[in-house]
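Close look at the chain arrangement
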Amino acid sequence: MTTKLEEKEMTTATTYKNLRTEVTGATAVVTLNRPQVLNALNTELMTELADALQNFDRDEQVRVIILTGGERAFAAGADIKEMADESTVSMMLRDNLAIWDKIRFIKKPIIAAISGFALGGGCELAMMCDMIIASETAQFGQPEINIGVIPGAGGTQRLTRVFGKYRAMEIILSGRPFSAKEACELGLVNRVVPVEVLMDEAHALAAEIAKKSPLAVRLAKEAVLKTYEMTLNEGLQFERKSFYMLFDSKDQKEGMKAFLEKRPANFTGR
Ligand code: HXC
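Keep in mind it's a predicted model, so treat the numbers as computed, not measured.

Looking at the nonpolar core
Nonpolar side chains tend to gather and get buried jointly when the protein is soluble and globular. Among the nonpolar cores identified, the biggest contains 49 residues, and Leu32, Leu49 and Phe140 are the most heavily contacted of them. If you tally residues by element for this core, the top one is helix H2 (residues 43-58), at seven residues. Formed by 15 residues, the second largest nonpolar core is a distinct cluster that contains Ile66, Ala113, Ile133 and Ala206.

Notes on the pairing of strand S4 (residues 64-68)
Most of S4 sits inside the fold, with five of its five residues counted as buried. Where burial is concerned, the two faces of S4 agree: the one with Val64, Ile66 and Thr68 and the one with Ile65 and Leu67 are both buried. As paired strands, strand S3 (residues 27-32) and S4 are joined by five bridges and run parallel to one another. The partner of Ala28 across the bridge, within S4, is Ile65. Traced from S3 through H2 to S4, the parallel crossover comes out right-handed. Relative to strand S6 (residues 110-114), S4 runs parallel, the two being bridged by four bridges. Each residue of the ladder has a partner; that of Leu67, found in S6, is Ala112.

Re helix H10 (residues 198-210)
Because an α-helix packs 3.6 residues into every turn, residues spaced three or four apart end up facing the same way. Over its 13 residues, H10 runs 18 Å from end to end, which matches the ideal 18 Å to within 8%, given 1.5 Å per residue. Buried within H10 we find Leu198, Ala202, Leu205, Ala206, Ile209 and Ala210. When H10 is viewed along its axis, its buried side chains cluster within an angular range of 135° and face the same direction.

What counts and how
- Residues numbered from 1 in each chain as written.
- Predicted model: local features only at pLDDT ≥ 70, side-chain atom pairs only at ≥ 80, totals over all residues.
- Heavy atoms only, no water.
- Core = buried A, V, L, I, M, F, W, Y, C linked by side-chain atoms within 4.5 Å.
- Buried < 20%, exposed > 50% of the residue type's maximum accessible area, 1.4 Å probe, protein only.
- Helix = DSSP H or I, 4+ residues; strand = E, 2+ residues; numbered from the N terminus.
- Pairing = 2+ DSSP bridges.
- Right-handed = clockwise from strand over helix to strand, strands pointing away.
- Expected span 1.5 Å × (residues − 1).
- Arc of directions from axis to C-beta.

Limitation: the analysis is restricted to geometry and does not speak to function.
The structure is reproduced here in structure tokens:
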């Protein structure tokens with residue numbers, strides 16, 4: 001049962017063919033919705049997903065985004081039917097993977113809430129998110145090797161950075177799926193929860209982050225991601241500049257004043 005306040009806070013955003021979107025308070029939820037093919041990621045779905053995420057990135061009401069799928073599948077990979085007859089040249093000319101870059105540049109934190117299959121492009125999409133909460137039924141993997149290709153949306157890079165060379169090599173070269181428990185032990189997943197509470201856990205984490213200064217959250221996300229792109233020295237310099245930069249924000253004044261006055265801070269993102 002929703003309270004009056006919750007009803008007032010709930011708004012429904014743009015309608016898409018392959019997604020459902022909903023905003024509750026400061027959290028937007030994007031649900032992949034092509035269940036008949038286990039949420040296989042075709043061009044239309046990916047275009048809609050990039051559009052939805054970019055819209056929520058611009059929407060000041062939204063502070064955190066949750067990306068989820070169905071109970072049986074988060075996503076079973078890129079749409080094999082769509083790719084089966086492509087050639088090198090047609091793949092290069094269409095350059096479908098350019099859509100994925102738009103997701104990479106979303107500034108707000110994205111929490112992936114994963115149940116069921118997260119395979120191939122589905123696993124790669126999860127890894128593009130900033131935090132991953134998995135249900136006990138989640139099954140990850142990079143099975144591209146079984147169909148004569150390799151991961152193409154970051155799998156060889158992101159999985160290796162998390163798992164290390166030897167484990168990543170086994171997963172990618174054998175194509176064997178791995179459980180949520182294994183993913184959690186190896187550091188790919190923040191936590192594993194029963195499927196019934198998956199969305200509650202994701203919402204609780206989102207609500208926790210949504211209370212912080214959106215400016216600080218944005219710069220913190222950017223700084224953490226720089227770890228993958230910069231030397232330690234460059235990363236430390238980036239972090240320091242971002243830290244200094246926040247001292248020109250109202251949120252820094254409010255945050256520190258609230259601490260000294262022993263009251264909760266009210267961050268406005270200014
Ligand atoms: C297109 C897919 C699909 C996919 C499943 N389906 N995965 N269609 N692309 N990736 C479709 C099936 O064809 C079937 O449609 C329906 O979804 C249900 O799937 P089943 O196979 O019948 O279900 P099940 O027996 O439970 O097996 C589930 C599964 C299997 C283990 C997940 O579907 C599977 O192995 N899927 C492919 C996984 C994969 O190889 N992913 C990597 C793709 S390449 P019908 O019409 O028969 O009912 C990739 C590259 C990424 O992701 C690179 C950059 C984006």
